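# A structural walkthrough
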Amino acid sequence: MASQRVTLLTVALWLCLPVCLCDQNVVASVGTLFVHDLDTKQFQERFPSTQNNYDINRIDPITFRANLEGFPDLPGWLRYTQRTPWHMAYLYGCPTEPGRQVIEVTAYNRYTFETVRERIIFNIRLGTDFQTPYQAELLIRDWDVEELLPSKTQFDVKAPLQDEWGSQRLTVINISSALDKGGRVPLPLPGRKEGVYIKVGSDVPFPQCLLDSQSPRTRQYCKEGQRPPVLCNSRLRDFQIDWCNISLTDGSGTPIPVPPERGSGILKGEGEFNPPSETLEEKNYLPDYLLTLLLPSLLALLLFVLLCYIMCCRREGVEKRDEVTTDIQLVHHQTVFNNTEELRQMASNRDVPRPLSTLPMFNVRTGQRAPPMQLSEDSAHVPLILSQQ
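Our subject in this report is the structure included herewith. Source: prediction; values computed, not measured. (Residues numbered from 1 in each chain as written. Predicted model: local features only at pLDDT ≥ 70, side-chain atom pairs only at ≥ 80, totals over all residues. Heavy atoms only, no water.)

### Comments concerning the side chain of T63
Our working rule: The way it works is that DSSP assigns letters per residue, a run of H or I at least four long becomes a helix, a run of E at least two long becomes a strand, and they are numbered from the N terminus. Here a polar contact is taken to be a pair of N or O atoms separated by no more than 3.5 Å, where protein atoms must pair a possible hydrogen donor with a possible acceptor and residues adjacent in sequence count only if both atoms sit in side chains. Residue contacts follow a heavy-atom distance rule, with two residues in contact if any of their heavy atoms lie within 4.5 Å.
Following the sequence through the fold, T63 ends up in strand β4 (residues 62–68). Among the polar contacts made by the side chain of T63, one reaches the side chain of R110 at a distance of 2.8 Å. Those residues in contact with T63 that lie beyond four places of it in its chain are Q82, P85, T106, A107, Y108 and R110.

Here it is in structure tokens:
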């Protein structure tokens, strides 16, 4: 039982440890497109489970992880792409400076979780004496980047450009996805592509076909959202090239200026220029001052007078109020007023006789007072309630 556990543990460790392949040396040139294929079939044969299996038609999904040795990411000039785990992966880019760089590539088997590691040594050298001062970058909308990376497909695109350029000295400088340049991710629908930018260069000046794409007429079509007329050959029209998204630069990276529209070459005569001899008159700011200060002041005064009229002149008099008020209400109001004054006097002087309102036989309507009843000495013993006798 113990030996079986040791065997299972050994097999598990053997599956988890990555299998290291021999180093691979490649050569790249500065200023020229470099493409390296990561074939899933070759890595499939390196997995231990495949070597111990006699099923030669077995295909497992494989993904890759590439990074610069000692760093988590790839160098800035190198990119990695793979559409699905069943498709081939690519390392591509345009080197910017010579040197030696080591790229570590780790392949993952998505079925068995096995890994295979490979080191690719990039020997980057200086470019040849062939210079490309005239460079053009085109956007092809009906392609994905991994579809344009194979050499055969690059030749299919470069051949019509060479015919239009009139020179076979045409080099593909770089290929990049439209997503890397700010493009939008396409909808998951058939036929929707992300688009590819292809940059080519030559020592021959630009053809008239590409120069026309920078003309004001073409720019006006693009501004209005219309497709500009294409004057290139029929083979180049087979590709969905965005003629509104073409950039032409020279070897230093300076954009080619837009050629002006052709005219007669003669300036229109409009007579001699006569500059003004008199100085400008001083501006009178009095109307502006009156309009700015006096007009708001007059409006404020008018509002003040209107408010005073409403608050002071529109009040009802006392006589009119008494005419429309009933007698019982007036008597009640007068009684309340008199009682209030009497309570105020009592509060100021405590030594006062009993208030008239507390005396018996007090007529509220007429105000007539009756003398208080003379109580006997034993009146204090008279119960308040007769039933308590």
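### Looking at the sheet that holds strand β3 (residues 34–38)
Keep this limit in mind: Pairing between strands is defined by DSSP: at least two bridges between them are needed. Simply put, an axis is a line fit to the C-alpha atoms, just over the touching stretch for a helix, and the angle between two N-to-C directions goes from 0 to 180 degrees.
If you trace the three strands from one edge of the open sheet to the other, you get β3-β6-β5, paired in antiparallel fashion. Edge strands, defined here as strands with exactly one partner in the open sheet, are β3 and β5 (78–81). The average angle at which neighbouring strand axes cross in this sheet is 20°, direction not considered. Across five bridges, β3 lies against strand β6 (residues 89–93) in antiparallel orientation.

### As for the pairing of strand β7 (residues 99–109)
Relative to β7, β4 runs antiparallel, the two sharing seven bridges. Bridged to A66 within β7 is V105.

### A closer look at the packing of aromatic side chains
Here a ring pair, both rings aromatic, is described through the centre-centre distance and the interplanar angle of the planes. Cut-off, in case you're wondering: Only Phe, Tyr and Trp rings take part, Trp by its six-membered ring, and two of them pair if their centres are within 6.5 Å. Stacked means planes under 30 degrees apart, edge-to-face means over 60, and tilted covers everything else. Note on classification: 1.4 Å probe, protein chains only; a residue is buried when its accessible area is under 20% of the maximum for its type, exposed when over 50%, partly exposed between these limits.
Counting across every chain of the model gives six aromatic pairs. Note on W77 and F122: the rings are 5.9 Å apart at their centroids and 80° apart in plane angle, and the pair reads as edge-to-face. Note that W77 is positioned in the loop between β4 and β5 and F122 in strand β8 (residues 115–125), a separation of 45 residues in sequence. For F122, a relative accessible area of 0% puts it in the buried group.

### Notes on the sheet that holds strand β10 (residues 170–177)
The strand order β10-β11-β9-β12 describes an open sheet built from four strands, whose pairing is antiparallel. Two strands close off the open sheet at either side, each with one partner strand: β10 and β12 (247–249). With direction set aside, neighbouring strand axes in the sheet form an average angle of 20°. Running over the sheet, helix α5 (residues 151–165) touches β9 (134–140), β10 and β11 (196–202) and is turned about 130° from β10.

### Considerations on the layout of surface pockets
For clarity, the cut-off: Lining residues are defined by having an atom within 4 Å of a point belonging to a cavity or pocket. Those points lie on a 1 Å grid over the protein atoms alone, cavities being sets where a 1.4 Å probe fits but cannot get out and pockets being open sets with protein on both sides within 12 Å along at least five of seven lines. Grid points are joined across faces, edges and corners, and a volume is the space filled by probe spheres set on the points. For this classification, the nonpolar set comprises Ala, Val, Leu, Ile, Met, Phe, Trp, Tyr, Cys and Pro, the charged set comprises Asp, Glu, Lys and Arg, and every other residue, Gly included, is treated as polar.
Put simply, the largest pocket is a space of about 420 Å³. Together, 20 residues line the largest pocket, and V30, G31, T32, T132 and T171 are the ones closest to its centre. Listing elements by their share of the lining of the largest pocket, those giving two or more residues are β3, α5 and β10. With four residues, the single largest contributor to the lining of the largest pocket is β10. Its residues placed into classes, the lining of the largest pocket shows eight nonpolar, ten polar and two charged.

### Let's talk about the state of the cysteines
Rule in force here: Only a pair of cysteine sulfur atoms within 2.5 Å qualifies as a disulfide here.
Per the stated rule, a full pass over the model turns up one disulfide. The disulfide bridge from C222 ends at C244, spanning 1.9 Å between sulfur atoms. As the torsion about the S-S bond is roughly -90°, the C222-C244 disulfide counts as left-handed. You can see C222 sitting in helix α7 (residues 216–223) and its partner C244 sitting in the loop between α8 (234–237) and β12, a full 22 residues away along the chain. Note on C222: relative accessible area 21%, which makes it partly exposed.

### Here's the deal with the pattern of salt bridges
Rules: Criterion for a salt bridge: a side-chain nitrogen of Lys or Arg within 4 Å of a carboxyl oxygen of Asp or Glu.
Within the structure shown, the criterion is met by 13 salt bridges. With its nearest N and O atoms 3.7 Å apart, the salt bridge here joins R83 to E194. In this pair, R83 sits in the loop between β5 and β6 while E194 sits in the loop between β10 and β11, placing the two residues 111 residues apart along the sequence. Note that D144 is salt-bridged to K193, the shortest N-O span being 3.9 Å.

### Looking at the nonpolar core
Quick note on the threshold: Put simply, a nonpolar core is a bunch of buried Ala, Val, Leu, Ile, Met, Phe, Trp, Tyr and Cys residues held in one set by side-chain atoms that sit within 4.5 Å of each other.
Among the nonpolar cores identified, the biggest contains 30 residues, and A136, I175, I198, V200, I241 and W243 are the most heavily contacted of them. Going through the elements one at a time, β6, β9, α4 (145–148), α5, β10, β11 and α6 (208–212) are the ones with two or more residues in this core. Residues in contact with I175, not counting those within four places in the same chain, are L33, R79, Y92, V145, L148, L149, Q154, V196, Y197 and I198. A28, L38, I62 and V116 belong to the second-largest nonpolar core, a separate cluster that totals 21 residues.

### Thoughts on the environment of S151
With respect to the secondary-structure elements, S151 resides in helix α5. Judged by relative accessible area, S151 falls into the exposed class, the value being 62%. Sequence separation between S151 and V35 is 116 residues; the distance between their C-alpha atoms is 8.7 Å.

### A word on helix α9 (residues 286–313)
Think of an α-helix as turning once every 3.6 residues; residues three or four places apart then point the same way. To keep things clear, this is the line we draw: Here the expected length of a helix is defined as 1.5 Å per residue gap, with one fewer gap than residues. Bending is quantified residue by residue as the angle between axes fitted to the seven-residue window ending at that residue and the seven-residue window starting at it.
Helix length check: α9, at 28 residues, gives a terminal C-alpha distance of 38 Å against a target of 40 Å (1.5 Å per residue), a fit within 8%. Along its length, α9 shows its largest kink, about 30°, at L294, and proline P296 lies within four residues downstream of that point.

### Notes on the environment of P85
You can see P85 is positioned in the loop between β5 and β6. The partly exposed category is assigned to P85, whose relative accessible area is 26%. Between the C-alpha atoms of P85 and N109, which are 24 residues apart in sequence, the distance is 9.1 Å. If near-sequence neighbours (up to four positions away) are discounted, P85 is found in contact with T40, P61, I62 and T63.

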